[in-house]
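Read off the chains here:
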Amino acid sequence: MRSYRTPVAAGLGCLFALATAGCSGQGDTSPASPTATAGAGTSSPAATGTSYAPYVSATEAAGTDSAGSPTTYNLAFVIADGDDCTPRWNGTHAIGDSGVASRIAELKKDGVRVRVSFGGASGKELAVNCDSASELAAAYGKALDAAGATLADFDIEGDELSDSASVALRSKAIARLQEERTDLEVSFTLPVMPEGLDKDGLALLASANDNGVQVSTVNLMTMNYGSSYDGDMGGYALAAAEAAHTQLKKTFGTSDATAWQGMALTSMIGVNDVAGETFTLADAAEVRAFAEEKGIAWVSMWSTARDRSCADGSDSAEAATDCSGVTQGPGAFGKAFAG
C-alpha cells in the first residue's frame, strides 16, 4: 500500500499459530514437517467473528478514523529514515514524537487496539538497512513500545518482496522478537492477484516459518492488479481470497476453517492506483459478507483518510491520498466494512 509520504497518486505448520495448539518447529534448528505440526493434537478455537481494522496515518488524524467503530487500527507506517536503522513514523517523525504519542492514545481510548505496520510501498523497510537480526529486532521493538502494541504487521511489497537477504534477516529478527515478547502477534501483508499469492509472497512465508516465526494472519492486498483487470473489483477480491485459501491450505496442511481464520483482506477503496480499477461501496459490502461467511479474521481498507468524497464531490480518474474519488458519504466505506 502506498505511503502517506506520496503526495498523490518452523516447517510451514508455524503459520496460523493462534489457530493451532502450538508450533513444534519453534526454536528448532531444522523445520518440523507440516503434517506433524498441523496434525493430531492441535485444535482450532471457535471463530470469534470478522473484525474491522482499517489502516490509518500514524501522524495525521482524519475525521473518518472512527467510522465503523474499528476494533483495531493499523498504524501506517514505520520505515527507515534514509540509510540508517532508525525507525520513524512515516519516515519523518521520531518514534518518540509527542504528537504521534497523543494521536495513538486517542485512537486507543475505549479499549481499541493498535497494530504497528512496518513497510509499505514507499520508503525503506528497516530490514533493508539494519545489519543484524538483533539490531533489527531492537528497532522493531522501539516502535512497538512507543505504540504500546502487541500486534505487528509487516507490509512487504515491491522490490523488497524479492530481496532474499532482507527477507531472511527480517524473519530472524521477528523470531528473536517473539522469543522476547511471547504475546506478540504477527501478520504479513502481501500483494495478491485474483489467481492468488505469487512465488515471492509464498517464499517470504516459507522463510518466516523456517526461522520459527509464529504468524497469526496473512493479510491480502486485494487491489492494483494491473491494466488487464478492469472488471468487478469485489469479484476479484473474492477470487483472490479463494485462490490464496487453496494455496495456504495446501502449503501448510491445515483445515479449511483454520486457513480462513488465518486470513485478512485489505482493499483500496474507491479509485485505485491502476486505471480502470474502482472499488465501490457495493464491493465493500460484498467483501464483508464473504469474510463473515468464511470466518476470515479481519477486513481492512486503505485508508480512513480516503473514506470521503473528493472536495468537489465528483468522481475522479486518479487515486488521491485524502479522498476516495467516488461519490459517498463521509465514513461510508468504514461502515460497510464493519458490517
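The written sequence of each chain sets the order in which its residues are numbered from 1. With pLDDT at 70 or above as the cut-off, local features in this predicted model cover only qualifying residues; side-chain atom pairs require 80 or more to be listed or tallied, and sums for whole chains, interfaces and linings still use all residues. The basis for every side-chain value is the complete set of heavy atoms in the structure, and neither hydrogens nor water enter the calculation.

If you look the chain up in an unreviewed UniProt entry, it shows as chitinase from Streptomyces variegatus. UniProt positions are given in the numbering used here, feature names are shortened, and annotations may be inferred rather than shown by experiment. Reading the Catalytic activity (unreviewed entry) entry of the UniProt record for the chain gives the comment "Random endo-hydrolysis of N-acetyl-beta-D-glucosaminide (1->4)-beta-linkages in chitin and chitodextrins."

Considering the overall build of the chain
Runs of H or I in DSSP of at least four residues are treated as helices and runs of E of at least two as strands, each being numbered from the N terminus. Assigned secondary structure in the chain consists of 9 helices and 13 strands. Exposure is judged per residue with a 1.4 Å probe applied to protein chains only, and the accessible area is read against the type maximum: over 50% gives exposed, under 20% gives buried, and values in between give partly exposed. Within the chain, buried positions represent 56% of all 339 residues.

Brief notes about the environment of Gln 247
Note on placement: Gln 247 falls in helix α6 (residues 233-252). C-alpha of Gln 247 to C-alpha of Ala 259: the two residues are 12 residues apart in sequence and 9.3 Å apart in space.

Here we look at the pairing of strand β7 (residues 151-155)
Among the 5 residues of β7, 5 are classified as buried, and the element is accordingly described as predominantly covered. Neither face of β7 is open: one carries Leu 151, Asp 153 and Asp 155, the other Ala 152 and Phe 154, and all of them are buried. Throughout, right-handed denotes a crossover for which the path from the first strand over the helix to the second runs clockwise when the strands point away from the viewer. Chirality of the crossover, the property in question, places the unit of strand β6 (residues 113-119), helix α3 (residues 133-147) and β7 among those that are right-handed. Strand pairing is assigned whenever DSSP identifies at least 2 bridges connecting the two strands. Strand direction decides the pairing type here: β7 and strand β8 (residues 185-191), joined by 5 bridges, are parallel. In the strand pairing of β8, Asp 155 is matched with Thr 189.

A word on the side chain of Gln 328
Position of Gln 328 among the secondary structure elements: in the loop between β13 (298-302) and α9 (332-338). What makes Gln 328 buried here is its relative accessible area of 10%. Once residues lying within four places of it in the same chain are set aside, the contact partners of Gln 328 are Leu 281, Arg 306, Asp 307, Arg 308, Ser 309 and Phe 333. Pairs of residues are marked as contacts when any of their non-hydrogen atoms sit within 4.5 Å.

Considerations on the nonpolar core
Definition of nonpolar core: a set of buried residues of the types Ala, Val, Leu, Ile, Met, Phe, Trp, Tyr and Cys, connected through side-chain atoms within 4.5 Å. Ranked by internal contacts, the top residues of the largest apolar core, which has 79 residues, are Leu 75, Trp 89, Val 116, Phe 118, Tyr 140, Phe 188 and Phe 337. Take this core: its biggest share by element is 9 residues, from α6. In this structure, Ala 76, Ile 79, Met 223 and Ala 319 belong to the second largest nonpolar core, which totals 11 residues.

Quick word on the pattern of salt bridges
The salt bridge criterion pairs a side-chain nitrogen of Lys or Arg with a carboxyl oxygen of Asp or Glu, the two atoms within 4 Å. Taken as a whole and judged by the stated rule, the model has 12 salt bridges. Of the charged contacts, one joins Lys 249 and Asp 256 as a salt bridge, the two residues approaching to 2.7 Å between their closest N and O atoms.

Thoughts on the confidence of the model for the chain
A score from 0 to 100, pLDDT tells how confident the predictor is in each residue. Chain-level statistics for the chain give a pLDDT mean of 87 and a share of 86% at 70 or above. Note on residues 5-13: pLDDT is under 50 here. Beyond four places in sequence and across chains, it has 35 contacts. Across residues 17-47, confidence stays below pLDDT 50; counting only partners more than four residues off in sequence or on other chains, it has 49 contacts.

Here's the deal with the environment of Gly 325
In this fold, Gly 325 is placed in the loop between β13 and α9. A relative accessible area of 2% places Gly 325 in the buried class. Residues Gly 325 and Asp 307, spaced 18 residues apart in sequence, show a C-alpha to C-alpha distance of 9.3 Å.

Thoughts on the pairing of β6
By the criterion of burial, β6 is predominantly enclosed, with 6 of the 7 residues buried. Judged from the 6 bridges that link them, strand β3 (residues 72-80) and β6 form a sheet pairing that is parallel. Paired with Asn 74 across the strands is Arg 115, a residue of β6. Of the pairings in the sheet, the one linking β6 to β7 comprises 4 bridges and is parallel in character. Within the sheet, the bridge partner assigned to Val 116 lies in β7 and is Ala 152.

Looking at the packing of α6 against helix α8 (residues 281-294)
Angles run from 0 to 180 degrees between N-to-C directions of axes, and those axes are lines fitted to C-alpha atoms, restricted for helices to the stretch in contact. Taken N-terminus to C-terminus, the directions of α6 and α8 make an angle of 25°; their axes are 8 Å apart at the nearest point. The angle between the axes of α6 and α8 places the two elements in the roughly parallel class. As for how α6 packs across α8, the hand of that crossing is right-handed. Contact residues: Met 233, Gly 234, Gly 235, Ala 237, Leu 238, Ala 241 and Glu 242 in α6; Asp 283, Glu 286, Val 287, Phe 290 and Lys 294 in α8. Polarity classes work like this: nonpolar for Ala, Val, Leu, Ile, Met, Phe, Trp, Tyr, Cys and Pro, charged for Asp, Glu, Lys and Arg, and polar for all others, with Gly in that last group. Its residues placed into classes, the contact of α6 with α8 shows 6 nonpolar, 2 polar and 4 charged. Here is the rule for angles: anything less than 35 degrees is roughly parallel, anything more than 145 is roughly antiparallel, 65 through 115 is roughly perpendicular, and the remaining ranges are oblique. Should the near helix be turned anticlockwise from the far one by less than a right angle, the crossing is left-handed, and should it be turned clockwise, the crossing is right-handed.

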